[in-house]
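Descriptive structure summary
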Amino acid sequence: MTSEPYRIIVSHYEQCLEKHGDCHRGVDWPNQADADTRYRVMLQLIPAGECCSLLDFGCGAGQLYSFLRAQGEAYHGVEYAGLDMSPQFIRLCREKFPQLRFLQADILQQDELVPECDYIVLNGVFTEKLTLSFDEMESFFQRMLCAVFAKARKGIAFNVMSKAVDWERDDLFHLSTDRLISFLASNLSRHFVIRNDYGLYEYTTYVYRAPGLLGAPCKR
């Protein structure tokens, strides 16, 4: 445990799990349909049929893996692993999926514990800032993206709250796309896609190391 301000986000999700259990509310998504939409968009970072490794960064209760399995052949070549800062969530994931690899680590403090993977998704890691100031949250967001992108051989996906809304919540992280683009182009990559087409008050960004980074199709 550290005194880093972002630890309040980890504690918040642990409280949700304790209150609601292993369901969408346990990872603080308001309904299952929207959660499934987010899982679908996150997985679309990966071309269908590609053989690759995937790290679910901030995996929570491992619900993305359950969704991935339900997609059948489209992602049958994806080798999944999960990572979370929370020992409670990692314990739950290991009980649910003993055949999979789940890691407990804080990449900003324990970079050496985080493996390289082809793709890394961060679903919900940056949507809530709670009592953090915007500057504190943006600093955390930028530090995390730099650390995570360094571990991705091909690309990453993450979501934040949109500023194209009627009103903003003080506890959520609403980030303008011009601010994001400036950061990505200067610090990560100029190869990115911003998704604002799936009907939620957020957007998802895919950041790739280079254009046309596709892996080998899986043999049928």
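The text that follows walks through the structure, step by step, so that each part is easy to find. Keep in mind the model is a prediction, meaning the values are calculated, not measured. Numbering of residues begins from 1 in every chain and follows the order in which that chain's sequence is written. Restriction of local features to residues with pLDDT of at least 70 applies here, the model being predicted, together with a cutoff of 80 or more for giving and counting side-chain atom pairs; totals for whole chains, interfaces and linings are based on all residues. Hydrogens and water are ignored here; the side-chain numbers use all heavy atoms of the structure.

**As for the packing of aromatic side chains**
Any Phe, Tyr or Trp ring, taking Trp's six-membered ring, that has another such ring centre within 6.5 Å forms a pair; planes under 30 degrees apart are called stacked, those over 60 apart edge-to-face, and the others tilted. If you walk through the whole model with that rule in mind, you get 13 aromatic pairs. Ring centres 6.0 Å apart and planes at 65° place the aromatic pair tyrosine 80 and phenylalanine 102 in the edge-to-face group. Note that tyrosine 80 is positioned in strand E2 (residues 78-84) and phenylalanine 102 in strand E3 (residues 101-104), a separation of 22 residues in sequence. The rule is simple: take the accessible area with a 1.4 Å probe, protein chains only, and divide by the maximum for that residue type; under 20% is buried, over 50% is exposed, in between is partly exposed. Accessibility expressed as a relative area gives 6% for tyrosine 80, which makes it buried. Centroid distance phenylalanine 126 to phenylalanine 141: 4.9 Å. Interplanar angle 85°. Geometry classified as edge-to-face. On the criterion of sequence distance, the pair formed by phenylalanine 126 in the loop between strand E4 (117-122) and helix H5 (134-149) and phenylalanine 141 in helix H5 is long-range, its members being 15 residues apart. Accessibility classification places phenylalanine 126 together with phenylalanine 141 in one group, the buried group. Strands here are runs of E lasting at least two residues and helices are runs of H or I lasting at least four, both read from the DSSP assignment and numbered beginning at the N terminus.

**Describing the packing of helix H2 (residues 32-43) against helix H3 (residues 63-70)**
For the pair H2 and H3, the least separation of the axes is 10 Å and the interaxial angle reads 75°. Classified by the interaxial angle, the pair formed by H2 and H3 is roughly perpendicular. Along the contact surface, H2 presents Asp36, Tyr39, Arg40 and Leu43, while H3 presents Gln63, Leu64, Phe67 and Leu68. Across the contact of H2 with H3, the residue classes tally to five nonpolar, one polar and two charged. Orientation is described by lines fitted to C-alpha atoms, with helices fitted over the stretch in contact, and by angles between N-to-C directions that extend from 0 to 180 degrees. Here roughly perpendicular refers to angles of 65 to 115 degrees, roughly parallel to angles under 35, roughly antiparallel to angles over 145, and oblique to all remaining angles. A contact between two residues is defined here by any heavy atoms of the two lying within 4.5 Å. Charged residues are taken to be Asp, Glu, Lys and Arg, nonpolar residues to be Ala, Val, Leu, Ile, Met, Phe, Trp, Tyr, Cys and Pro, and polar residues to be all remaining types, Gly included.

**Focus on H2**
Expected span, for any helix, means 1.5 Å times one less than how many residues it has. Compared with an ideal rise of 1.5 Å per residue, which puts twelve residues at 16 Å, H2 spans 16 Å between its outermost C-alpha atoms and is within 8% of the ideal. For H2, the complete set of buried residues consists of Ala35, Thr37, Arg38, Tyr39, Val41, Met42 and Leu43. Buried-residue contacts for H2 involve strand E1 (52-57), H3, E4, strand E5 (152-161), strand E6 (191-195) and strand E7 (202-208). Its side-chain oxygen placed 3.2 Å from the backbone nitrogen of alanine 33, asparagine 31 serves as the N-cap of H2. The definition of a polar contact used here is a pair of N or O atoms within 3.5 Å, where within protein one atom must be able to donate a hydrogen and the other to accept one, and adjacent residues in sequence count solely through side-chain atom pairs.

**Remarks on the pattern of salt bridges**
Should a side-chain nitrogen of Lys or Arg be within 4 Å of a carboxyl oxygen of Asp or Glu, the pair is scored as a salt bridge. As enumerated under the stated definition, the model contains eleven salt bridges in all. Between lysine 96 and aspartate 22 there is a salt bridge, with the nearest N and O atoms lying 2.9 Å from each other. Residue lysine 96 is found in helix H4 (residues 87-96), and its partner aspartate 22 is found in the loop between helix H1 (7-20) and H2; the two are separated by 74 residues along the sequence. Take aspartate 22: its relative accessible area is 37%, and that puts it in the partly exposed class. Between arginine 195 and aspartate 197 there is a salt bridge whose closest N-O contact spans 2.8 Å. The exposure class assigned to aspartate 197 is exposed, which follows from its relative accessible area of 55%. Put simply, Glu116, Asp118 and Arg153 are held in one network by salt bridges that share partners.

**Side note on the pairing of E4**
Among the six residues of E4, six are classified as buried, and the element is accordingly described as predominantly covered. DSSP bridges decide pairing: two strands pair if at least two such bridges lie between them. Across three bridges, the pairing between E1 and E4 is parallel. Bridged to leucine 55 within E4 is isoleucine 120. Across five bridges, E4 lies against E5 in parallel orientation. Its bridge partner lying in E5, isoleucine 120 is registered against isoleucine 156. With H5 bridging E4 and its parallel neighbour E5, the resulting β-α-β unit is right-handed. Handedness of a crossover is defined as follows: with both strands directed away from the viewer, a clockwise route from the first strand across the helix to the second makes it right-handed.

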